[in-house]
Each structure stands twice: as C-alpha cells, then as structure tokens.
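So the chains spell out like this:
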Amino acid sequence: MTNQSDRMDKLVQDLEQQARSFAARNGSEEGRSTRSLIVADFEFLWDRSRHHGYKTQEGKDAATIRWPFDRIAASSWISLTFLAGEISPRIEGPFVRTMEDSAEVDIVESLFDTLRTDPCSAFVTWGGEFRDLPVLRRCATEHGLILPDQLRNLSPHASERIDLCRTVAGLADNAHLGEYAAALSIPAKPIAASSVGKLVERGEWTPVREQCLADTLATALLAVRHCVALGQITCDQMATDLAIVEAAHAAQPNSEFVTRTLKPWARARHARSRLKGVVYHVDGSSDREGERVM
C-alpha cells in the first residue's frame, strides 16, 4: 500500500473477509455443501546479495543459503469448488505470475487476494510446510502484508491447509511430486526439477512458467484423488480431470505442456472411461476404466 488511507482500506477489507469466513463456517450456500481447494506452486530465486551480507557478518558460523533468502520468482494457482450434486468442480484459473513482469510482493498479494476471496477454502501445496509457507510468511512480514486465514495457523497439521507431500506419505519417506505423479500415471515436470533454479537465475521465464504451471496442475489432480479417497468430495474423476485441463488450456493457451501433453492425456482417459468392460493396455495390463468413481 502506498499511503495510510490505502492501508486502512486494506484492513477494513480484511476484517470484512474474516466476518464472511465466520459466517460461512456456520452455514452453507443455499443449503448446498461445498468443498473448496486453492492449489498453488512456487519457484524461487536466491537473494545472494543479502546472504553475502549475512556471511560477512557471521563469518565461518554463517549457515549455507536457505529459505530465509528465497524470493518468490514465480507462482501458479488454481481454485476448485465442489458443489454437492455436480460431477465436476467450478474452476478459476490457473493463474501464473513471474518476476518477468511482477515484483515478489505483487505476486504474493495476488495469491493472498485469491485466498481471501474464499476464506473457507483449503490451501493445497506439495511440500509447502517445508518451504513455500515460511517464504510466504517472510514476504508478508517484510512488506507489511496481512496474512489470509489459511496461513495464520502455524501448526503443520492446520485444517486450513493440505500439504499433500506430508499427508500422502504418513510415516513413510516423503516422495517427490514428479515421483508420486508418475506412480499414479499423471503427467508432470516438463523439465528436471534440479534445472529450474538455474533457469530462474538466467531469466528464462518461459520454461519457468511451464514448470510452475505443470506442478500446480499435477498437485490439483492429485488433490482431487486424495480428497475423494477420504470421502471429503464426490465427483466424477474423469470429468474433473478433463475440466481442470480444459480450464488450464483456456487460461494458458500458450502452454505447450497443457496443449501437447496434459490435454491429450485427459481426453484419452475420458474416452476410455466411456468404454464398457475391461480395457487392455499395450503392455498387457488391464483395468476397468468404465467404472467411474463418485
């Protein structure tokens, strides 16, 4: 905010949103049960200049560069709202913002505004409790931003959030997003995860956007499966997959990952779901794709 009046307006908006959140938790829209998910992913840029100053101050006792010096260089998010009786969710996004045309504070403010629009939504990340959320809170602290409801409870088990990485693993070793998505035959990671940091530092924003968007969509597809398994939502999974991918194509029509990889995958799955009986694959395995999960 640029002046005191703007800050007061923002505070009033935040208080109004908190009031709406309280009302929503004690009622429902026209008696219809809902479950909303806001799924996000982030890519980072190290603030090497500030870390150098820290190393100069601390000398040999300085820690290697880590999350306090992360700056959010890119973020993507998508909103999914599941209404009782509807086979697929209502979708907003996905949105993608990068440092190519936005400052870190502007990227974070846009995400916070989305979270405040639906304060009862669950904020979904993959491994967010380990890195994304501390960085978001650091950004809010640095720039005087007001945290949305989903980020105020500091417990890693907060009901306002779902960290799929931790949740699906339980007591097992945490899995990588690409690893878990591959195990469920979901396309993800158009480029190697280890390459993204170097691309950010070189300012190669097109592949960074693609990776961030792909991670968000993979996490969203996994989140739907997770919530269905827990009985938290009911939907036609094939129709929901297709709806997510079509929304991505409409919102990000220049994404090669969506156009060339994700859209053909979703359409093929949806087509198989309409077949009857056992569906045989080229590797000799079979499944019953004609059975829909509700």
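In this report, we go over the structure that sits alongside the text. (Residues numbered from 1 in each chain as written. Predicted model: local features only at pLDDT ≥ 70, side-chain atom pairs only at ≥ 80, totals over all residues. Heavy atoms only, no water.)

## Thoughts on the environment of Leu242
Step number 1: Mapped onto the elements of the fold, Leu242 is located in helix α9 (residues 237–251).
Step number 2: When its relative accessible area of 14% is taken as the criterion, Leu242 is described as buried.
Step number 3: Setting aside residues no more than four positions away along its own chain, Leu242 makes contact with Ala266, Arg267 and His270. (Helix = DSSP H or I, 4+ residues; strand = E, 2+ residues; numbered from the N terminus. Buried < 20%, exposed > 50% of the residue type's maximum accessible area, 1.4 Å probe, protein only. Contact = heavy atoms within 4.5 Å.)

## Re the pattern of salt bridges
Step number 1: This structure, assessed with the given rule, holds 16 salt bridges.
Step number 2: In this structure, Arg50 engages Asp47 in a salt bridge whose closest nitrogen and oxygen atoms are separated by 3.3 Å.
Step number 3: According to the relative accessible area criterion, Asp47 is buried, its value standing at 15%.
Step number 4: Linked through salt bridges whose partners overlap, the residues forming this network are Asp47, Arg50, Arg71, Glu104, Arg138 and Glu142. (Salt bridge = Lys/Arg side-chain N within 4 Å of Asp/Glu carboxyl O.)

## Section: the sheet that holds strand β1 (residues 34–46)
Sheet strands pair via backbone hydrogen bonds, and the direction of the pair is either parallel or antiparallel.
Step number 1: Pairing is mixed in the open sheet, where five strands are placed in the order β3-β2-β1-β4-β5. Every other strand in the sheet has two partners, leaving β3 (90–98) and β5 (161–163) as the edge strands with one partner each. Averaged over all pairs of adjacent strands, the angle between their axes in this sheet comes to 20°, without regard to strand direction.
Step number 2: Of the strands in this sheet, β1, β2 (70–83), β4 (122–125) and β5 are in contact with helix α4 (residues 132–143), which crosses β2 at around 110°. (Pairing = 2+ DSSP bridges. Axes fitted to C-alpha atoms, helices over the stretch in contact; angles between N-to-C directions.)

## Let's talk about the nonpolar core
Step number 1: Counting residues in hydrophobic clusters, the biggest one holds 37 residues, and the most contacted among them are Leu37, Leu217 and Val224.
Step number 2: Elements represented by at least two residues in this core include exactly β1, β2, β4, α5 (164–169), α6 (177–183), α8 (205–229), α9 and α10 (256–273).
Step number 3: The residues touching Leu217, leaving out its near neighbours within four places in the chain, are Ile78, Pro94, Ile244, Ala248, Val258 and Leu262. (Core = buried A, V, L, I, M, F, W, Y, C linked by side-chain atoms within 4.5 Å.)

## Points about the packing of helix α3 (residues 104–117) against α4
Two quantities define a packed helix pair, namely the angle between the helix axes and the distance between the axes.
Step number 1: Following both chains from N to C, one finds α3 and α4 inclined at 110°, their axes separated by 10 Å at the closest point. Accordingly, the angle class assigned to the pair α3 and α4 is roughly perpendicular. Between α3 and α4 the crossing geometry is left-handed. Together, Glu104, Val105, Val108, Leu111 and Phe112 of α3 and Leu136, Arg138, Cys139, Ala140 and His143 of α4 make up the contact between the two elements.
Step number 2: In terms of residue class, the contact of α3 with α4 is made up of seven nonpolar, one polar and two charged. (Parallel < 35°, antiparallel > 145°, perpendicular 65-115°, else oblique. Left-handed = near helix turned anticlockwise from the far one by under 90°. Nonpolar A, V, L, I, M, F, W, Y, C, P; charged D, E, K, R; others polar.)

## Observations regarding the packing of aromatic side chains
Aromatic ring pairs are defined here through the distance separating the ring centres and the angle between the ring planes.
Step number 1: Throughout the structure, instances matching the rule amount to four aromatic pairs.
Step number 2: Ring centres 5.6 Å apart and planes at 35° place the aromatic pair Trp126 and Tyr180 in the tilted group. Of the two residues, Trp126 sits in the loop between β4 and α4 while Tyr180 sits in helix α6, which places them 54 residues apart along the sequence.
Step number 3: On the basis of relative accessibility, which here comes to 13%, the residue Trp126 falls in the buried class. (Phe/Tyr/Trp six-rings, centres within 6.5 Å; stacked < 30°, edge-to-face > 60°.)

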